[in-house]
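Each chain, letter by letter, is given below.
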Amino acid sequence: MIVIKADQVVFLGGEAMVPIITLPQAKVTHVKMSPCEKYVLTFSPFADVAFTVWNFHMVEIIRELPIADDENIDTYKWSHDGSFLAKKFKTEIRKEGSDEVKVKDGITVFELPSMQILQNRDGQKKSITIAGIKDWEWSPARNTLIYSCFFNQDEEDEDDYGDEEIKKSAAANTKPVMDPRVGFMNIPSRQIIGFKDFKSKSLRFVVHPTLDYVAIHNAYEKKGKALNSVELFDLTSGDNVPH
């Protein structure tokens, strides 16, 4: 049991539900423990620092993180084994001497226990740019990111995981026309192990109770009619996602 008090967060355990660990942090409103129970994320929206990642057993702060617009305790999500903590990001970049604003979005993945940003293939600590990302989740039983993209903007970046056709269209100064997509990316390798394009208005992830499958609920229109479909993906293979 977790008891949030004005100046601390108390964790109770045992048959008698006695205090076992106390985090000396004030103004906490929400707590999210890692699945491995080694780390804790606290959310304090009215404090100087909004997000704090703790080493739970040592009662030590690993890293403090600021809050951006519209962020809350659900912004950050633990991987199934607590090895990673991730969040979706969106950054607006204004070109010098121009009113043009470029939007860059994707997922930032932090490694535990260091809470450093995951390195890319060149050894650089960089977020994963995913053009047009809308929703995302961790796979429930493996360190794989599942994400949906709606391509409504041009993106180009050295770590961009949008489609090559988008980059070619952008280079040709034409507006890309791409169907919405669901992608699967292994972490920490950043390898895309599968994707599927949809004719879609919205896409929603539903995890099977066995944790071995994820269903994609697709809401779309055809000839003016609102329709729905469900497609099932197998999450038990390490190198691909059979569909």
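Residues numbered from 1 in each chain as written. Predicted model: local features only at pLDDT ≥ 70, side-chain atom pairs only at ≥ 80, totals over all residues. Heavy atoms only, no water.

Novice: Mind showing me how you'd approach the overall build of the chain here?
Specialist: Helix and strand counts for the chain come out as 1 helix and 19 strands. Expressed as a percentage of the 243 residues in the chain, the buried residues total 44%. The contacts of the chain with a sequence gap of at least 6 include a subset with a gap of at least 24, amounting to 42%. As displayed, the chain offers around 13,400 Å² of accessible surface, 49% of which is attributable to carbon and sulfur atoms. (Helix = DSSP H or I, 4+ residues; strand = E, 2+ residues; numbered from the N terminus. Buried < 20%, exposed > 50% of the residue type's maximum accessible area, 1.4 Å probe, protein only. Contact = heavy atoms within 4.5 Å. Areas by Shrake-Rupley, 256 points an atom, 1.4 Å probe, with all protein chains shown as cover.)

Novice: How do you make sense of the pairing of strand S17 (residues 202-207) when you look at a structure like this?
Specialist: Looking along a regular strand, one sees the side chains alternate between the two faces of the sheet. Bridge count between S17 and strand S18 (residues 213-222): 6 bridges; the pairing is antiparallel. Of the residues in S18, the one forming a bridge with Ser202 is Ala219. The loop that links S17 with its antiparallel partner S18 comprises 5 residues; one of these, Leu211, has a positive phi angle of about 70°. (Pairing = 2+ DSSP bridges.)

Novice: How do you make sense of the sheet that holds strand S6 (residues 51-55) when you look at a structure like this?
Specialist: Across a sheet, paired strands are connected by hydrogen bonds in the backbone, their directions being either parallel or antiparallel. Strand order in the open sheet made by the 4 strands is S4-S5-S6-S7, with antiparallel pairing throughout. This sheet does not close on itself; its edge strands, each paired only once, are strand S4 (30-33) and strand S7 (60-65). Between one strand axis and the next, the sheet turns by 20° as a mean value, whatever way the strands run. Direction of pairing for strand S5 (residues 39-43) relative to S6: antiparallel, over a ladder of 5 bridges. Bridge pairing links Thr42 to Thr52 in S6. (Axes fitted to C-alpha atoms, helices over the stretch in contact; angles between N-to-C directions.)

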